[in-house]
Amino acid sequence: MKVCIAEKPSVAREIATVLGATSRHDGYFEGNGYQVTWTFGHFCTLKEPHEYTPDWKRWSLNVLPMIPMRFGIKLIENDGVKRQFAVIEQLIAKADEVINCGDAGQEGELIQRWVMQKAQCKCPVKRLWISSLTEESIREGFEKLRDQNEFNKLYEAGLSRAIGDWLLGMNATRLYTVKYGQNRSVLSIGRVQTPTLALIVNRQLEIENFVPEPYWELKTIYRNTTFSATKGRFSTQEEGEKFLEEIKESDFEITDVTTKKGEEAPPRLFDLTALQVECNKKFSLSAEDTLKTIQSLYEKKLTTYPRVDTTFLSDDIFPKVPSILRGLAGYEELTKPVLAEKIKKSKKVFDNSKVTDHHAIIPTGVRANNISEAERRVYDLVTRRFIAVFYPNCQISTTTVLGDVNKIGFKATGKQILHPGWRVVFDKQTNTQDEDSKENADEENILPAFEKGERGPHEPTLNEKWTQPPKYYTEATLLRAMETAGKLVEDDELRDALKENGIGRPSTRAAIIETLFKRNYIRKERKSLYATPTGVQLIQTINEELLKSAELTGLWEKKLRQIERNEYEPRQFIDELKEMLNQIVVNVKQDREGSISLAEQVTVEKEKAAKKKREPKPKAPKEKAIEKKTPELICPACKEGKILRGKTAYGCSNWKAGCAFRLSFDEVGDKLTDEELQAILEKQ
């Protein structure tokens, strides 16, 4: 019997139907020599610290860093998981062959491998690797099943990622919580989430510390066209007014008219990040909601595999393009011109060298029935992008007009669309214009016909302007920043080059942003993302650049990708992380400053390990009185606040006003008399 393990029940049902396994049992389908079962998300996880050694149950600086000799996995504590795993375990025990039908990506590979390891799978394993859930794709995949060993490096990369996240997350979270946390707060530190938070905090501080400066712009209107002085900005009003006086009484003369014809290629196909960016701009959809929506479209067979980081298609898709286009119901007017001629194969669309596991997100050609409004919008974006890449380039004409008034130069530019080409595909889209498209529309103003040598009256003005701070991140701009390790990049090709160093993977970035919301490290107002005081304080307390640098985290991501390609050893990646951890622990233990208190709604959200650490019991009187006042002791730092006795340290009553004085119980003990504490304070 061949046992197929799918990533979720709905996918198992599709596979079972194609294979003829139509008999339904508890936890699996059976028929035609196949048993098709399923997981649903992560069934296994790395063990908790205390499961390696009892000493690691207590949150203490003395046991850090926690580095297991050998990592182990366990089943997640969930009754549904345990029941379904028991089914999988029984089927695998009797199987002649197992077919891994998990999500065709790094995380999917890790999920299924751990399940098979936990079930002690001994029989041969094949891998189903497909990019869509259409019947044709599933049949083709089963005809070309691949050996499990072909994906060993993908698994090693996923395992390295999981171990790296465990090492850094478990150790850094405990390290900073014990050292700096107050009021039972857990300070969550992560390999990806902390650099992402740092991006938001650094941008916010840059905005808050920005000092606007005035400048003046000299412009003039000639024949209803605004020309700007080529000299640029004036730093003083006096200088600007001097030039204004020089041109007031003189005619404006056209000195040069240059027209250049050019072409604009269609926008690229979507990878996941580009789709999330576009949906956030156009529909204000969060990254998480976009991922859920495109995942739903994938499971409904309407679009291809979504967790991708390429905007290209592999060559084997080209022969399927006509049938996909013919299947796009409701888009016949747009597909008809493409199907009427021989479709050209462009290197800007089809490039095997730019495709690794999966190609860009495209429609499958299956009729889109019974979908939600959000799904319809996302499907429409994906479909129009796909159609547009087979349209001709947009023909444009760019005109630059130079003018002169009393030897002072002016300039105006405009763009004219000569032949819309691919732009007709987007003309009838029914969505609200985002700010970027409005700005682009302003830039594409069409100039009247000017002739060199013509002259006439004009209306000059000197306008006062102020320098503007950078904008707060939105989810769209944050995703782009994560993709390029914090670098602001507009050029598609340069962005491609930086993707390998991005923070996180396309499939995980949405979850990282959601985690920051749940931790109360960030909040959203309209589209803008703001760091909370806790988020700001956390980043300012972390002195270790390795923990919060987008660039350094990007280098780790690059190494994980190199592991996938067998260009880097997993052991070396883990050893480097261990070395880094040791140094971080030493540095933080030696630090004597700072404390961080989380907002009330966050203190109740505990890490699982912390929950298990404490058995349920009534609060003791001293635990209830978290801060026991000792009025006669004055803070040596601010000279105003009184010293309070907290749960893990002595601190200043002025901590809310910014005083960071703190004496940890680890340093001085928690049973000092007032006299002993006074003696210590006098030495500070």
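Bear in mind the structure is a predicted one, so any value in this text is a computation, not a measurement.

Within the protein chain, the regular secondary structure consists of 25 helices and 24 strands. Across the 684 residues that make up the protein chain, the buried fraction comes to 50%. In the protein chain, of all internal contacts separated by at least 6 residues, the share reaching a separation of at least 24 is 75%.

Let's shift gears to the environment of Gly262. Its place among the elements puts Gly262 in strand 13 (residues 252-264). On the accessibility criterion, Gly262 (25% relative accessible area) is partly exposed. Between the alpha carbons of Gly262 and Gln395 there is a distance of 6.0 Å; along the sequence they are 133 residues apart. Those residues in contact with Gly262 that sit more than four places away from it in its chain are Cys394, Gln395 and Ile396.

Quick look at the sheet that holds strand 2 (residues 23-25) now. Across the sheet, seven strands lie side by side as 2-3-4-1-7-8-9; this open sheet has mixed pairing. Edge strands, defined here as strands with exactly one partner in the open sheet, are strand 2 and strand 9 (146-147). Together, strand 1 (2-6), strand 7 (97-101) and strand 8 (125-127) form the strand contacts of helix 3 (residues 106-118), whose direction differs from that of strand 7 by roughly 150°.

Here we come to the packing of aromatic side chains. Given two aromatic rings, their pairing is described by the distance between the two centres and the angle made by the two planes. By the definition in use, this model includes 22 aromatic pairs. Pairwise contacts between aromatic rings join Tyr222, Phe227, Phe252, Phe410 and Phe450 into one cluster. Seen from the ring of Phe151, Arg127 lies directly overhead, with NZ or CZ sitting 5.8 Å from the centre.

On to the confidence of the model for the protein chain, then. Per-residue pLDDT for the protein chain has a mean of 87; in total, 86% of the residues score no lower than 70. Confidence over residues 430-443 falls short of pLDDT 50; this stretch has eleven contacts with residues more than four positions distant or in other chains. Taken together, the stretch residues 599-631 has pLDDT below 50 and engages in 47 contacts with residues farther than four places along the chain or on a different chain.

Bridge analysis of strand 12 (residues 225-229) against strand 15 (residues 408-419) gives two bridges, and the strand direction is antiparallel. Residue pairing across strands places Ala229 opposite Phe410, the latter belonging to strand 15. Across eleven bridges, strand 14 (residues 394-405) lies against strand 15 in antiparallel orientation. Paired with Thr399 across the strands is Gly414, a residue of strand 15. Counting the residues that bridge the hairpin from strand 14 to strand 15 gives two residues, and of these Asn406 lies at a positive phi of roughly 55°.

Here the focus is the sheet that holds strand 16 (residues 455-456). Strand order in this open sheet of seven strands is 16-13-14-15-12-11-17, and the pairing throughout is antiparallel. Unpaired on one side and paired on the other, strand 16 and strand 17 (459-466) mark the two borders of the sheet. Relative to strand 12, strand 11 (residues 214-222) runs antiparallel, the two being bridged by four bridges. Counted as the bridge partner of Lys219 is Ser228 from strand 12. Contacting strand 11, strand 14, strand 15 and strand 17, helix 7 (residues 237-248) crosses the sheet at an angle of about 170° to strand 17.

Our focus in this paragraph is the nonpolar core. One recurring pattern in soluble globular proteins is that nonpolar side chains are buried together. In this structure, Ile15, Val98, Phe142 and Phe386 are the most contacted members of the largest nonpolar core, which totals 149 residues. The leading source of residues in this core is helix 5 (residues 152-180), at twelve residues. The contact partners of Val98, leaving out residues within four places of it in the chain, are Val3, Ile5, Ile92, Met116, Cys121, Cys123, Pro124, Val125 and Lys126. Grouped together as the second largest cluster of nonpolar side chains are 19 residues, Ile247, Val405, Ala412 and Phe450 included.

For the rest of this paragraph, the subject is the side chain of Ser131. As for its position among the elements, Ser131 is in the loop between strand 8 and helix 4 (135-143). Here His358 takes part through its side chain, which lies 3.0 Å from a polar atom of the side chain of Ser131. When residues no more than four places from it in sequence are discounted, the contact partners of Ser131 are Ser137, Tyr298, Thr304, Tyr305, His358 and His359.

Rules and cut-offs
Residues numbered from 1 in each chain as written. Predicted model: local features only at pLDDT ≥ 70, side-chain atom pairs only at ≥ 80, totals over all residues. Heavy atoms only, no water. Helix = DSSP H or I, 4+ residues; strand = E, 2+ residues; numbered from the N terminus. Buried < 20%, exposed > 50% of the residue type's maximum accessible area, 1.4 Å probe, protein only. Contact = heavy atoms within 4.5 Å. Pairing = 2+ DSSP bridges. Axes fitted to C-alpha atoms, helices over the stretch in contact; angles between N-to-C directions. Phe/Tyr/Trp six-rings, centres within 6.5 Å; stacked < 30°, edge-to-face > 60°. Lys NZ or Arg CZ within 6 Å of the ring centre and 35° of its normal. pLDDT = per-residue confidence, 0-100. Core = buried A, V, L, I, M, F, W, Y, C linked by side-chain atoms within 4.5 Å. Polar contact = N/O pair within 3.5 Å; in protein donor to acceptor, adjacent residues only side chain to side chain.

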